[in-house]
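A structural walkthrough
Here are the chains, one letter per residue:
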Amino acid sequence: MSFKTRLMVLLIGLGVMLTGFGVLDMIRLGGKPVDVLELDSDEMKANIHVAGDVEFVWDCAISETTEQKTYGVTTSSRESSRYYTFVDMQDEGDYYTFDKVYVIKVSSQYFDLFEKMRTESDNWWNDYTGKVDYPSTSFSYDGYLKKMSDEEREIIMDGLRSMGFTKDEDHKSIDDWVDVYYIQHVANPGASKIMALVGVVFLAAGITVLVLSIKSKKENEQMTAGMAAFGNDAVIREPDLNFDFDNRTQGETFGENGFYPGTSGQDGSGNNDENV
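Presented here is a report on the structure given in the accompanying data block. It should be emphasised that the depicted structure is a prediction, and the values quoted were computed from it without experimental measurement. (Residues numbered from 1 in each chain as written. Predicted model: local features only at pLDDT ≥ 70, side-chain atom pairs only at ≥ 80, totals over all residues. Heavy atoms only, no water.)

Considering the pattern of salt bridges
Taken as a whole, this structure holds 8 salt bridges when the rule is applied. Here E115 and R118 are joined by a salt bridge, their closest N and O atoms 2.9 Å apart. With E115 and R118 both in helix 2 (residues 111-125) and 3 residues apart, this pair spans about one turn of that helix. Between R161 and E154 there is a salt bridge, with its nearest N and O atoms 3.6 Å apart. Overall, the relative accessible area of 39% leaves E154 in the partly exposed class. Connected through shared salt-bridge partners, D59, E79, R82, E115 and R118 make up one network. (Salt bridge = Lys/Arg side-chain N within 4 Å of Asp/Glu carboxyl O. Helix = DSSP H or I, 4+ residues; strand = E, 2+ residues; numbered from the N terminus. Buried < 20%, exposed > 50% of the residue type's maximum accessible area, 1.4 Å probe, protein only.)

Structure below.
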């Protein structure tokens, strides 16, 4: 595969990928966002644009690691994202209550903030003296809903069971505590437009390389055909090597059999036709 072909495939591939992801995020985040806390379970659907605030963080339910591999061997790894569970605490006067557990996925840049929120939430929840204030740190999210995989949901449900969540009069099953959708936080919603634009640029560059490659190929084919025709039909005439250069008359020029008398105002003897 030639360099131009590899370059064309790379540019078009990147262009399609970036444009697709960028446009998809623009569609997901294009409409007016709704607060996930205001949605009933039957109103939740994938790709709904959601925005709101997280105040009471319950736990880190899932941690995801990204690995870098070279020739199939893992050379490095890092924790890239976490799934945190949170609740919407309702003040009932003498006590607080909540009726649902939500899940939000954030990238590594928010780990410290969510750990601080979790610590504040734990300290307040486990305080029986009344001296610890309700968590003051919050997080404003903007993103879309995404459906959990069966494995993700099972991990989250196992965590809730270990913390003592059970069914009750409002929750006929422990599964009723958590919906099958989680919030995929988008750190920079405006980046989707930039991603789509960069994708279009790569795609245009790839198409340009493709067009130039096709044009160059056609020109080479035409040149090859022309050279073949020249080799079959053309007659190459050699000069008369016995021509007497010293005694040639003025005006003689190189012709098909060597030099011959010129006709541009001179005769064969070298004299002008005009009368002097």
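As for the sheet that holds strand 6 (residues 101-107)
A sheet is described by the order of its strands in space; here 6 strands give the open sequence 1-7-8-6-3-2, paired in mixed fashion. Each edge of the open sheet carries a strand with a single partner, namely strand 1 (49-54) and strand 2 (56-70). For this sheet, the mean inter-axis angle between neighbouring strands, taken without regard to orientation, is 35°. Inspection of the sheet shows strand 3 (residues 73-87) paired to strand 6 by 7 bridges, in the antiparallel sense. Residue pairing in the sheet places S81 in a bridge with S107 of strand 6. The sheet contacts of helix 2 involve strand 1, strand 2, strand 3, strand 6 and strand 7 (139-147), and relative to strand 2 the element is tilted by about 150°. (Pairing = 2+ DSSP bridges. Axes fitted to C-alpha atoms, helices over the stretch in contact; angles between N-to-C directions. Contact = heavy atoms within 4.5 Å.)

Details of the layout of surface pockets
Approximately 160 Å³ is the volume found for the second largest pocket. Residue lining of the second largest pocket: L37, E38, L39, D40, D88, Q90, D99, K100, Y102, D170, H171 and D176, and that is the complete set. Broken down by class, the residue content of the lining of the second largest pocket amounts to 3 nonpolar, 2 polar and 7 charged. (1 Å grid on protein atoms, 1.4 Å probe; cavity = no way out; pocket = protein on both sides within 12 Å on 5 of 7 lines; lining within 4 Å. Points joined across faces, edges and corners; volume = space filled by probe spheres on them. Nonpolar A, V, L, I, M, F, W, Y, C, P; charged D, E, K, R; others polar.)

Thoughts on unusual backbone geometry
The phi dihedral of N47 falls on the positive side, at around 75°, and the residue is not glycine. Looking at the secondary structure, you find N47 in the loop between helix 1 (3-28) and strand 1.

A short note on the side chain of E152
Mapped onto the fold, E152 is located in helix 3 (residues 150-162). Buried E152, no salt bridge; nearest opposite-charge side chain is K105, N-O distance 5.6 Å. Reaching out from E152, the side chain makes a polar contact with the backbone nitrogen of S149 at a distance of 2.9 Å. For E152, the contacting residues outside a window of four places in its chain are I62, E64, Y83, K147 and Y182. (Lys, Arg positive; Asp, Glu negative; His and termini not counted. Polar contact = N/O pair within 3.5 Å; in protein donor to acceptor, adjacent residues only side chain to side chain.)

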